[in-house]
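Spelled out from the first residue to the last, the chains are:
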Amino acid sequence: MSISLKNLDESKATVVSAMNVAAEVRKAREAVGYSVDDLAVTCGLVTHEIIEIENGENADPAKLRRIAAALQVPPSDFVPL
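Here, residues in each chain are numbered from 1, in the same order as that chain's written sequence. In keeping with the model being predicted, local features are shown solely for residues with a pLDDT of at least 70 and side-chain atom pairs are shown and tallied solely at 80 or more, while totals for entire chains, interfaces and linings include all residues. Only heavy atoms go into the side-chain values, all of them from the structure, while hydrogens and water stay out.

In the nomenclature of an unreviewed UniProt entry, the chain is known as Helix-turn-helix protein of Rhizobium azibense.

Okay, structure coming up:
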């Protein structure tokens with residue numbers, strides 16, 4: 001079985017995008033002076049879930065909306081242009 005370059009490129013684009021979202025979440029959290037624990041308590045997630053998001057391992061839209069609400073920013077702030 002072979003993997004086409006098109007599929008490979010799409011896979012890389014997804015990983016890069018998740019890492020960009022992760023960096024934006026971390027930047028927004030730090031901008032308001034929250035620790036990971038502070039954010040977890042404020043948005044109702046557990047610390048491990050925040051860490052996964054900030055490491056680019058999870059970009060669950062529902063969790064991102066909760067984080068955005070806790071940080072009082074629009075979810076679109078997590079998607080760099």
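Draft legend 1. Highlighting the environment of D38. Helix and strand assignments come from DSSP, with helices taken as H or I runs of at least 4 residues and strands as E runs of at least 2, each series counted from the N terminus. You can see D38 is positioned in helix 2 (residues 36-43). Each C-alpha atom, one on D38 and one on A70, is 9.9 Å from the other, the two residues being 32 residues apart in sequence.

Draft legend 2. Focus on the nonpolar core. Nonpolar cores are built from buried Ala, Val, Leu, Ile, Met, Phe, Trp, Tyr and Cys residues. Side-chain atoms within 4.5 Å join them into one set. Think of it in three bands: with a 1.4 Å probe and only protein chains considered, a residue is buried below 20% of the maximum accessible area for its type, exposed above 50%, and partly exposed in between. Residues V25, L39, C43, I50, I67 and F78 are the most contacted members of the largest nonpolar core, which totals 16 residues. Those elements that place two or more of their residues in this core are helix 1 (5-31), helix 2, helix 3 (47-54) and helix 4 (61-71). In this analysis, two residues are considered to be in contact whenever any of their non-hydrogen atoms come within 4.5 Å of each other. Sequence-distant contacts of V25, that is, excluding residues within four places in its chain, are made with I53, E54, L64, I67, L71 and F78.

Draft legend 3. Broad picture of the packing of helix 2 against helix 3. Interaxial angles span 0 to 180 degrees and are taken between N-to-C directions of axes, which are lines fitted to C-alpha atoms, for helices over the stretch in contact. Two numbers describe how helix 2 lies on helix 3: the axes approach to 8 Å, and their chain directions differ by 115 degrees. As the angle between them shows, helix 2 and helix 3 are arranged roughly perpendicular. Helix 2 and helix 3 meet at a crossing whose hand is right-handed. Taking contact as the criterion, the partners of V36, D37, L39, A40 and C43 in helix 2 are, on helix 3, T47, I50, I51 and E54. Residue polarity is assigned by list, with Asp, Glu, Lys and Arg as charged and Ala, Val, Leu, Ile, Met, Phe, Trp, Tyr, Cys and Pro as nonpolar; anything else, Gly included, falls into the polar class. Partitioned by chemical class, the residues of the contact of helix 2 with helix 3 number 6 nonpolar, 1 polar and 2 charged. Every angle not falling under 35 degrees, over 145, or within 65 to 115 is termed oblique; those three ranges are roughly parallel, roughly antiparallel and roughly perpendicular. Should the near helix be turned anticlockwise from the far one by less than a right angle, the crossing is left-handed, and should it be turned clockwise, the crossing is right-handed.

Draft legend 4. A look at the pattern of salt bridges. By salt bridge we mean one thing: a side-chain nitrogen of Lys or Arg within 4 Å of a carboxyl oxygen of Asp or Glu. The tally for this structure, following the rule as stated, stands at 5 salt bridges. Between K27 and E24 there is a salt bridge, with its nearest N and O atoms 3.3 Å apart. Here the residue K27 and the residue E24 both occupy positions in helix 1, the gap between them amounting to 3 residues, near one helical turn. Residue R29 is joined to E30 by a salt bridge in which the shortest nitrogen-to-oxygen separation is 3.9 Å. Look at the salt bridges and you will find they share partners, linking R26, R29, E30 and E54 into a network.

Draft legend 5. Region of interest: the side chain of R29. Locating R29 in the fold gives a position in helix 1. Assessed through its relative accessible area of 7%, R29 is described here as buried. Sequence-distant contacts of R29, defined by excluding residues within four places in its chain, comprise Y34, S35, V36, L39, E54 and L71.

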